[in-house]
Each structure stands twice: as structure tokens, then as C-alpha cells.
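# Examination of the molecular architecture
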Amino acid sequence: MKKIEAVIRPAKLEDVKEALGKYGIHGMTVSQVLGCGLQRGRVSVYRGHEYSINLLPKLKVEIVVKDHLVDEVVRVVTEAARTGEIGDGKIFIYPVENAIRIRTGESGNDAI
């Protein structure tokens, strides 16, 4: 099993959810996060004073899938989240040792 973490623009969440749903992936965790990368924030003016916002709001979408689905899920998320502009986000892939469904006690691939 692999855990796919995608840090995306908040405005792209519905596109990502819809694309994953069409692919048959419905289980995910979504968290509001702050981050910066190449986008490096932005400059805003408040009451006549300029200030820099270095950490921008993003969403982290976490999905655990069977190993053979990883490449396709990454492709689906990438296509749905891409705008072509700096700040589209990143995808990270981690190995998952085990998963346990609390309700039934199922573990491994059966739990996801």
C-alpha cells in the first residue's frame, strides 16, 4: 500500500474529488494547511501598509491505495489539480506498512 499526499490549491479540491470519484477512489482525508514554495507568497496592502504573506493557504489531500493504483491515481490528481501556474502544489508518495479498519478489524488491503 502507498499513501499519496497531494498539496493543492483550495480552488482545485472539487476538481480533484470529482476526478478521483470517476476513477473509483472515494476515501480521502483533506486538511487545510499553509505553505510556500516557488510561489514565495504575495504582497498585500492593509490600511496603507504593505506586508508580505509568505505562507499561502493550501489543502493537503491524503489517499491510501493499493500499490498497483499509485501511478494512475497520481496521474488523475495531477491532471485535475494543474493550472499551469506556479503554486499548483506537490505530490508525495510514502509506503504504508499496514492499515486497520477500526469497525471490522480488517487489515492490509482489505482495510482500504
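Just so you know, these numbers come straight off a predicted model, no measurement behind them.

### Some points on helix α2 (residues 70-81)
Between its first and last C-alpha, α2 extends 16 Å over 12 residues, near the 16 Å set by a 1.5 Å rise per residue. By the burial criterion, the buried members of α2 are V70, V73, V74, V76, V77, A80 and A81. Viewed along the axis of α2, the buried residues span an arc of 160°, placing them on a single side of the element. Residues of α2 that are buried sit in contact with β1 (2-8), α1 (13-23), β5 (56-65) and β6 (89-95).

### Observations concerning the pairing of β5
With 7 of its 10 residues buried, β5 lies for the most part within the structure. When β1 meets β5, the two strands line up antiparallel, connected through 7 bridges. Residue A6 lies in a different strand from β5, and its bridge partner there is V61. Direction of pairing for strand β2 (residues 29-35) relative to β5: antiparallel, over a ladder of 7 bridges. If you follow T29 over to β5, its bridge partner there is E62.

### With respect to the nonpolar core
The biggest cluster of nonpolar side chains holds 18 residues, and the ones touching the most others in it are I8, V16, L20, I63, V65, V73 and V77. Put simply, the parts of the chain that give this core at least two residues each are β1, α1, β5 and α2. It is α2 that contributes the most residues to this core, 7 residues altogether. Ignoring anything within four residues of it in the chain, the contact list for V73 reads I4, L20, Y23, I25, I63 and V65.

Parameters and conventions
- Residues numbered from 1 in each chain as written.
- Predicted model: local features only at pLDDT ≥ 70, side-chain atom pairs only at ≥ 80, totals over all residues.
- Heavy atoms only, no water.
- Helix = DSSP H or I, 4+ residues; strand = E, 2+ residues; numbered from the N terminus.
- Expected span 1.5 Å × (residues − 1).
- Buried < 20%, exposed > 50% of the residue type's maximum accessible area, 1.4 Å probe, protein only.
- Arc of directions from axis to C-beta.
- Contact = heavy atoms within 4.5 Å.
- Pairing = 2+ DSSP bridges.
- Core = buried A, V, L, I, M, F, W, Y, C linked by side-chain atoms within 4.5 Å.

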